[in-house]
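Remarks on the overall topology
Here are the chains, one letter per residue:
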Amino acid sequence: MASSKEYLEFILEQLSDLQDITYRPMMGEFIIYYRSKISAYICDDRLLVKPVKSAVAFIKTVSYERPYDGAKEMLLVEEVDNKDYLTGLFNTMYDELPAPKPKKKKN
């Protein structure tokens, strides 16, 4: 099941206090970038974040789910209605997120 554009727009509004939030569509789902780092996925109208230590510590009730079959487990964020909570979560986990991979040069 694909995620709705309405859910994406809702999550982007909840993250609107952060600088440099972008997204990219991916096979009916969405990848969320925070300051150029992959931070979360929206899959089946669920917000899933990378399971870095700071995110595990920040989220009160940790629930692991896979964005799609065969994918690595991620953390399900259930408090999507709380804008301050989401902003805090993304700020807390930013330093632990992997840096973007360098783009390959085209020949």
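A brief report on the enclosed structure follows.

Calculation criteria
Residues numbered from 1 in each chain as written. Predicted model: local features only at pLDDT ≥ 70, side-chain atom pairs only at ≥ 80, totals over all residues. Heavy atoms only, no water. Helix = DSSP H or I, 4+ residues; strand = E, 2+ residues; numbered from the N terminus. Contact = heavy atoms within 4.5 Å. Salt bridge = Lys/Arg side-chain N within 4 Å of Asp/Glu carboxyl O. Buried < 20%, exposed > 50% of the residue type's maximum accessible area, 1.4 Å probe, protein only. Pairing = 2+ DSSP bridges. Axes fitted to C-alpha atoms, helices over the stretch in contact; angles between N-to-C directions.

The next thing to look at is the environment of K72. Structurally, K72 can be placed in the loop between β5 (64-65) and β6 (74-77). Other than its neighbours up to four places away in sequence, K72 contacts E65, R66 and P67.

All right, on to the pattern of salt bridges then. Within this structure, the stated rule accounts for 5 salt bridges. Linking K83 and D17 is a salt bridge whose minimum nitrogen-to-oxygen distance equals 3.9 Å. You can see K83 sitting in helix α3 (residues 83-93) and its partner D17 sitting in the loop between α1 (5-14) and β1 (21-26), a full 66 residues away along the chain. Overall, the relative accessible area of 24% leaves K83 in the partly exposed class. Among the salt bridges present, the one from R46 reaches E65, with a minimum N-O distance of 2.4 Å.

Before going further, it helps to spend a moment on the sheet that holds strand β3 (residues 37-43). Spatially, the 6 strands line up as an open sheet ordered β1-β2-β3-β4-β6-β5, and their pairing is antiparallel. The open sheet has two edge strands, β1 and β5, and neither has a second partner. By the bridge criterion, 3 bridges tie strand β4 (residues 46-49) to β6 in an arrangement that is antiparallel. Bridge pairing in β6 places L47 opposite V77. Lying on the sheet, α1 is in contact with β1, β2 (29-34), β3 and β4; it crosses β1 at an angle near 160 degrees. Strands β1, β2, β3, β4 and β6 of the sheet are contacted by α3, whose axis makes an angle of about 25 degrees with β4.

A few words now on the pairing of β6. Pairing of β5 with β6 involves 2 bridges; the strand directions are antiparallel. Across the sheet, Y64 pairs through a bridge with L75, a residue of β6.

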